[in-house]
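Examining the three-dimensional arrangement
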Amino acid sequence: YEYNNEYRQKFGNFTKGGFPGFGTGLHGDMHFIYDPDEMAKVVRSEGAYPSGLVEKLWAWRRAMVESGSSLVSRKENGESYDYGLFDNGKTWKRQRTFLQTGMLDPKAARGFLPGIILAAENASREAPLHAHDVNEYLNYTAFDMFCSFMFGQQMRTATSVVSTDEVVRGENAENERFVTAALGVFDKTNKMNLFPFEYLLATYLPFYKTTKFTGLQKDWNTVREVGLSKIHDFIDRYDQNKLDDMEKASYLAGAIGRQRETGEVTEDEMVELCLTALFVGVDTTSSVTAWNLMHLALNPQSQQKLYSELSTSLEEKGSDGSTRVNADVLGKKVSPYLHMCIRESHRLHPAFFAAMWKGNSHKDVEIHGEILPKGSMVQLGHISYDAEYVDEPKQYRPERWTEEGVASRKGTKSEVLDHPFLRDPFSQGARRCPGSRVASNEILAMISQLVLDWKISIQDDTITSLDDIKYDASPIKPIFPTLKFEARTT
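This text gives an overview of the structure that appears in the document.

Parameters at a glance
- Residues numbered from 1 in each chain as written.
- Predicted model: local features only at pLDDT ≥ 70, side-chain atom pairs only at ≥ 80, totals over all residues.
- Heavy atoms only, no water.
- Salt bridge = Lys/Arg side-chain N within 4 Å of Asp/Glu carboxyl O.
- Helix = DSSP H or I, 4+ residues; strand = E, 2+ residues; numbered from the N terminus.
- Buried < 20%, exposed > 50% of the residue type's maximum accessible area, 1.4 Å probe, protein only.

1. Observations regarding the pattern of salt bridges
- All chains considered together, the criterion is met by 31 salt bridges.
- Residues Lys-41 and Glu-38 are paired through a salt bridge, measuring 3.1 Å at the closest nitrogen-oxygen approach. A residue pair is termed a helical-turn pair when its members lie 3 or 4 positions apart in one helix, as Lys-41 and Glu-38 do in helix H2 (residues 36-44) at three residues.
- According to the relative accessible area criterion, Lys-41 is partly exposed, its value standing at 28%.
- Residue Glu-38 is classed as buried on the basis of its relative accessible area of 11%.
- Between Arg-260 and Asp-239 there is a salt bridge, with the nearest N and O atoms lying 2.6 Å from each other. Within this pair, whereas Arg-260 is found in helix H14 (residues 251-262), its partner Asp-239 is found in helix H12 (residues 211-239), the two being separated by 21 residues in sequence.
- Classification of Arg-260 by relative accessible area gives partly exposed; the value is 40%.

Next comes the structure, spelled out in structure tokens:
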């Protein structure tokens, strides 16, 4: 998290460096900037087929080809591939448009909240049993909440994984297997990205598979095996009219209907798109939730303030006799401090080491007075650790995001902190994460439920500040010490 400031202070506000596999050319040329207004020029130049970071996930693209993903097709020249959702042409736009329908629309996303909240309630009850491995717990909660959105089903994986009942464990074994494999793909991808030699071998010796890639491919195939089985089973039950009301209201049920009505993607493409959403929803959401939980555990006064707000919101706006969280309780108007906490956590510890990556795939762009040729890659770095912009940058202070706090930055250098590009980890523009609204609702629901149910603290006297917390690779997540969960009510 110190990297962006150190790099900027040493080399300046506009530099170029090597980032093999993500930048362009053999050396991976990447342009590093820190002004979101300059990045906005790149976003505005995107055109109909913008470029994004997912195009640079070369290991995933190779795994897609190896596994026969229907998102991939041969280009007309027969010598290269169109990677669909992981590319930037017409096929990308067609697949992306289909996928994001029913996800990005605020009204549609709000409709999935009851199931997400129920999944959060179920997971929160088991929190003390996961006190020694909170990251694993949050991965399972992310999976459970996303499954409520995707399938309209309550998987309760966060419950089954700590069950002593062998029957319960057996019934949910495939879910555990899916989550473990999905995390394995992310972990092995990160490790491969740290070794440019992996990218060079894949580029110039495409027939050769390294040990790292072979491991990634194994996990990838497991994700496909389990995920495709779940999706095809759902389609069979859809055709047999065996879905319950929650399942009928799910994203997948809507996607099946849309696919058959419009034909804008094939059924195989629809299945692969839903699999992709299910897979990537496991890690990023849990990383953001993890940092929020860590900050609240380290800052009991902020945690108590949030608990007081949520308790009042629940009493005034809650469902079922003011006992259950709902969309109103999670809203910014009713629970503003909740949103301030999440925004401050993102400022301090975003899930990725840069705010966004973009490519000017459409035309040349002028950045800081220099012309970047078409096809360049640009990274917007974080400035949130820089005392030049942030007062006491390592202090967790959600109050920075009150209306008064935002107003006080107007017309000052610090005003840049309120730029939309620095607001959350989901990028911006036409390639903003299509599941961003769902993920945001999951984070709001999980943090709210945990704080309402438990007083959360760290059981390690050697940890007194953020400087004592170590963290893992991208998506960046804290390495938790053992947490203590004390029930708020008996």
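The discussion continues.
2. Regarding unusual backbone geometry
- One non-glycine residue, Ser-322, adopts positive backbone phi at about 60°.
- Relative to the helices and strands, Ser-322 resides in helix H18 (residues 319-322).
- On the basis of relative accessibility, which here comes to 30%, the residue Ser-322 falls in the partly exposed class.
- For Ser-427, which is not a glycine, the phi torsion comes out positive at approximately 70°.
- Its location among the elements puts Ser-427 in the loop between helix H21 (403-409) and helix H22 (436-453).
- A relative accessible area of 16% means that Ser-427 is categorised as buried.

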